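# Structural characterization, general
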Amino acid sequence: MSPVLDAAQLNKLRWRCRRGLLENDILIGRILDREEPVTLAEANGLYALMELADNDLLDLFLGRTQPEGRLDKPEVRHVLDAVRRIPA
């Protein structure tokens, strides 16, 4: 298992993950607000996803598109799977 984030790292990640679309904020919150801690691998996946435009990010979260190129990494796929799997 990957190391987990401490409180300061989690706060920094939470701030970086703020988006313009409420839908993205809600979906990202599924990972950040769950009971189990956020791992370093998940944080790296989220940081990679935050480089996307809001609509492109939402398409990935909803499964309309799949990660390609530099986003086609295990940690990104893990985050996308977790967002889709965690109940609202």
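Our subject in this report is the structure included herewith. (Residues numbered from 1 in each chain as written. Predicted model: local features only at pLDDT ≥ 70, side-chain atom pairs only at ≥ 80, totals over all residues. Heavy atoms only, no water.)

## Digging into the overall build of the protein chain
Regarding its fold elements, the protein chain presents five helices and zero strands. Going residue by residue from the N terminus, the α and β elements of the protein chain occur as α-α-α-α-α. Relative to its length of 88 residues, the protein chain is compact, with a C-alpha radius of gyration of 12 Å against a globular reference of 12 Å. In terms of overall dimensions, the protein chain has C-alpha extents of about 30 × 25 × 25 Å along its principal axes. The burial tally for the protein chain puts 39% of its 88 residues in the buried class. Accessible surface, the protein chain: about 5400 Å² in total, of which carbon and sulfur atoms supply 53%. Averaged over its 13 positive side-chain charges, the protein chain has a centre that lies 1 Å from the centre of its 15 negative ones. (Helix = DSSP H or I, 4+ residues; strand = E, 2+ residues; numbered from the N terminus. Rg over C-alpha atoms; globule rule 2.2 N^0.38 Å. Buried < 20%, exposed > 50% of the residue type's maximum accessible area, 1.4 Å probe, protein only. Areas by Shrake-Rupley, 256 points an atom, 1.4 Å probe, with all protein chains shown as cover. Lys, Arg positive; Asp, Glu negative; His and termini not counted. Charge placed at Lys NZ, Arg CZ, Asp CG, Glu CD.)

## Thoughts on the environment of Val38
Mapped onto the elements, Val38 comes out in the loop between helix 2 (22-32) and helix 3 (40-49). The exposure class of Val38 is buried, given its relative accessible area of 5%. If we ignore the near neighbours within four places in the chain, the residues touching Val38 are Pro3, Val4, Leu5, Leu10, Leu13, Ile31, Leu32 and Ala43. (Contact = heavy atoms within 4.5 Å.)

## Side note on the packing of helix 1 (residues 7-16) against helix 3
With their axes 10 Å apart at the nearest point, helix 1 and helix 3 run at an angle of 25° to one another. By the angle between their directions, the pair helix 1 and helix 3 is classed as roughly parallel. Read as a crossing pair, helix 1 and helix 3 show a hand that is left-handed. Along the contact surface, helix 1 presents Lys12, Leu13 and Arg16, while helix 3 presents Ala43, Leu46 and Tyr47. (Axes fitted to C-alpha atoms, helices over the stretch in contact; angles between N-to-C directions. Parallel < 35°, antiparallel > 145°, perpendicular 65-115°, else oblique. Left-handed = near helix turned anticlockwise from the far one by under 90°.)

## A closer look at the side chain of Glu42
One can find Glu42 in helix 3. Of the polar contacts made by the side chain of Glu42, one reaches the side chain of Arg34; its length is 2.4 Å. Among the polar contacts listed, one links the side chain of Glu42 to the backbone nitrogen of Thr39, at a separation of 2.9 Å. Setting aside residues no more than four positions away along its own chain, Glu42 makes contact with Arg34, Pro37, His78 and Val79. (Polar contact = N/O pair within 3.5 Å; in protein donor to acceptor, adjacent residues only side chain to side chain.)

## Here's the deal with the pattern of salt bridges
Scanning the entire structure with this criterion turns up seven salt bridges. Ionic pairing is found between Arg64 and Asp59, a salt bridge with its closest N-O pair at 3.0 Å. Between Arg77 and Asp72 there is a salt bridge; the shortest N-O distance is 2.8 Å. A relative accessible area of 32% places Arg77 in the partly exposed class. (Salt bridge = Lys/Arg side-chain N within 4 Å of Asp/Glu carboxyl O.)

## Section: the environment of Leu60
The topology assignment puts Leu60 in helix 4 (residues 54-61). You can call Leu60 buried: its relative accessible area is 4%. Counting along the chain gives 18 residues from Leu60 to His78, while the straight-line C-alpha distance between them is 12 Å. Leu60 has contacts with Leu49, Leu52, Thr65, Gln66, Pro67, Leu71, Leu80 and Arg84, leaving out every residue within four places of it along the chain.

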